[in-house]
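# Geometric and topological summary
This is what each chain is made of:
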Amino acid sequence: MIVKLIPAVKNYLWGGTKLNNEYGKTSDLPISESWELSFCKDGLSTIDGGAYDGQKLCDVTTRGDWGENCCEFEFFPVLNKLIDAAKPLSVQVHPDDEYALKNEGQYGKTEMWHILSADVGAYIYLGFNTDMTDEGFAQAIADGSVCRYLNKVEVKQGQTYFIPSGTVHAIGAGVTLFEVQQNSSLTYRVYDYDRTDGGGNKRELHIEKAKAVCNLNKYTVPNATRDELLGKCKYFSAYRLSGQREVGLKDSFVSLTVTDGRINVGGITAEKGNTVFLSAGERQSVTGDGSYILTCVEKQ
């Protein structure tokens, strides 16, 4: 099976207009996130064209389509997103599998960010810049000073950051990125800048859960420079590719999201912002001059 996907789009209060204007996403509101490859019930990918037109990808694929490398996972392991942060996201943390499966009935979230564009001076928060105690973390949340204890990292186009579960983090304003993450919707907000929604209500925080899962050790920010391989863990692998080549794996699905230009794969034309899904065992030639991010699951 090879199909083009229609994403689920999200209109959170921090979203901008780049996904609408530059990546071809459709919504009457500014789009914050476009869930490009999603088996998550909170926003499922839909098939665009062909024999399965209009059907949900999760409804027409089998574990055979996912591939042998996904056999250890109870659920489809990957969720891919395009994210446009016109305003900063909340300071947040995600649980690991053990905590999430026990308490939430779904996977935790390890994720990876590949920076597609960044305004001058744009930054992310990533991990603590000092060792924290339970008491110190609680006090920083209570008095709104938590950002003071986080690594503030200026980001540039082409950089990649791998974020293990338990690492407190936030995307700053002016950053557009491609996110590869575990298939999970779990986010525990620690701090949200005292913002309110359209109804004047502050968004919910999840302080006690965040305290239970947060890694309080000092975090050393790794080198963000990557070649073709952007990141690899047991949940996903991601590669930045361009130009003509063969794609497809015997033991894993493959997802291609175009980040610039245009490609053709298996008779499907995909432009900037489009995503194509290939079942395990499907092998196709990519033509065209576009750049794209390939995700799959590889054995460690």
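These figures come from a predicted structure and were not determined experimentally. (Residues numbered from 1 in each chain as written. Predicted model: local features only at pLDDT ≥ 70, side-chain atom pairs only at ≥ 80, totals over all residues. Heavy atoms only, no water.)

### With respect to the overall build of the protein
Note the following rule: A helix here means a DSSP run of H or I that spans at least four residues, while a strand means a run of E at least two residues long, and both kinds are numbered starting from the N terminus. When accessible area is computed with a 1.4 Å probe and restricted to protein chains, residues below 20% of their type maximum are described as buried, those above 50% as exposed, and intermediate ones as partly exposed. The contact definition used throughout considers only heavy atoms, calling two residues in contact when any of these lie within 4.5 Å. With residues, only the protein chains shown are counted as cover, and all accessible areas are computed by Shrake-Rupley using a 1.4 Å probe.
Of regular secondary structure, the protein possesses 6 helices and 22 strands. By the burial criterion, 54% of the 300 residues in the protein qualify as buried. Restricting to contacts in the protein with at least 6 residues of sequence separation, those with at least 24 account for 75%. For the protein, the exposed area adds up to about 12900 Å²; of that, 44% sits on carbon and sulfur atoms.

### Description of the packing of aromatic side chains
The condition is simple: Classification of ring pairs uses Phe, Tyr and Trp, with its six-membered ring standing for Trp, and accepts pairs whose centres are within 6.5 Å; under 30 degrees between planes counts as stacked, over 60 as edge-to-face, and the remaining range as tilted.
What the rule picks out here adds up to 14 aromatic pairs. Geometrically, the ring pair formed by Phe-39 and Phe-76 is stacked, given 3.9 Å between the ring centres and 15° between the ring planes. Here the residue Phe-39 occupies a position in the loop between strand S3 (33-37) and strand S4 (46-48), and Phe-76 occupies one in the loop between helix H3 (63-66) and strand S5 (78-85), the gap between them amounting to 37 residues. Here Phe-39 matches Phe-76 in class, with each residue buried. Look at Phe-76 and Phe-253: their rings are 4.8 Å apart centre to centre, the planes differ by 45°, and that puts the pair in the tilted class. Placement of the pair is Phe-76 in the loop between H3 and S5 and Phe-253 in the loop between strand S16 (245-247) and strand S17 (254-260), with a sequence separation of 177 residues. Here Phe-76 and Phe-253 have matching classes, each one buried.

### Structural notes on the nonpolar core
The following threshold applies: Joining through side-chain atoms within 4.5 Å is the link that ties buried Ala, Val, Leu, Ile, Met, Phe, Trp, Tyr and Cys residues into a set, and such a set is a nonpolar core.
If you look at the biggest cluster of nonpolar residues, it comprises 30 residues, and the most contacted ones within it are Leu-37, Leu-57, Phe-76, Phe-253 and Phe-277. Of all elements in the fold, only strand S1 (2-6), helix H2 (57-60), S5, strand S7 (111-118) and strand S12 (175-182) reach the threshold of two or more residues within this core. Filtering out sequence-adjacent residues up to four positions away, Leu-37 remains in contact with Leu-5, Ser-45, Leu-57, Phe-76, Val-78, Leu-79, Asn-80, Phe-253, Ser-255, Phe-277 and Thr-295. If you look at the next biggest cluster of nonpolar residues, it comprises 23 residues, including Val-91, Leu-150, Leu-186 and Tyr-188.

### Some details on the sheet that holds S12
Note the following rule: By the convention used here, strands pair only if DSSP detects at least 2 bridges between them. The convention used is that axes are lines fitted to C-alpha atoms, helices contributing only their stretch in contact, and that angles between N-to-C directions extend from 0 to 180 degrees.
Spatial strand order, S2-S3-S5-S12-S7-S10: 6 strands in an open sheet with antiparallel pairing. If you trace the sheet from one side to the other, it starts and ends with strand S2 (8-10) and strand S10 (160-163), each paired once. Averaged over all adjacent pairs, the angle separating strand axes in this sheet is 20°, with direction ignored. Bridge analysis of S5 against S12 gives 8 bridges, and the strand direction is antiparallel. From the neighbouring strand, Ile-83 faces S12, where its bridge partner is Leu-177.

### Some details on the pattern of salt bridges
Here is the rule we go by: When a carboxyl oxygen of Asp or Glu is within 4 Å of a side-chain nitrogen of Lys or Arg, the pair counts as a salt bridge.
Enumeration over the complete set of coordinates arrives at 14 salt bridges. The partner of Lys-18 in a salt bridge is Asp-119, and the shortest N-O contact between them spans 3.8 Å. In this pair, Lys-18 sits in helix H1 (residues 18-21) while Asp-119 sits in the loop between S7 and strand S8 (123-128), placing the two residues 101 residues apart along the sequence. Relative accessible area serves as the criterion here: at 42%, Asp-119 is assigned to the partly exposed category. The salt bridge involving Asp-192 is made with Arg-203; its shortest N-O contact spans 3.1 Å. Taken together, the residues span a long stretch of sequence, with Asp-192 in the loop between strand S13 (188-191) and helix H6 (207-213) and Arg-203 in the loop between S13 and H6 at a distance of 11 residues.

### Notes on the sheet that holds strand S19 (residues 268-271)
Reading across from one edge, S16-S21-S18-S19 is the order of the 4 strands in this open sheet, with antiparallel pairing throughout. Of all strands in the sheet, those with a lone pairing partner are S16 and S19, marking the two edges. Neighbour to neighbour, the strand axes of the sheet diverge by 30° on average, direction disregarded. Where strand S18 (residues 262-265) meets S19, 4 bridges bridge the pair, whose relative direction is antiparallel. Among the inter-strand pairings, Ile-263 is bridged to a residue of S19, identified as Ala-270.

### Describing the environment of Glu-282
Cut-off, in case you're wondering: In protein, a polar contact requires one atom able to donate a hydrogen and another able to accept it; more generally it is a pair of N or O atoms within 3.5 Å, and residues adjacent in sequence count only if both atoms are side-chain atoms.
Relative to the helices and strands, Glu-282 is located in the loop between strand S20 (275-278) and strand S21 (284-288). A sequence separation of 217 residues divides Glu-282 from Asp-65, and the C-alpha atoms of the two residues are 9.0 Å apart. Setting aside anything within four residues of it in sequence, one finds Glu-282 in contact with Met-1, Ile-2, Val-247, Gly-248 and Leu-249. From its side chain, Glu-282 meets the backbone nitrogen of Met-1 in a polar contact 3.0 Å long. At 2.7 Å, the side chain of Glu-282 and the side chain of Gln-284 are in polar contact.

### As for the pairing of S5
When you tally the buried positions in S5, you get 8 out of 8 residues, the bulk of the element. Alternating residues of S5 divide into Val-78, Asn-80, Leu-82 and Asp-84 and Leu-79, Lys-81, Ile-83 and Ala-85, and every residue in both groups is buried.

Keep in mind that these numbers describe shape and distance, not what the molecule does.
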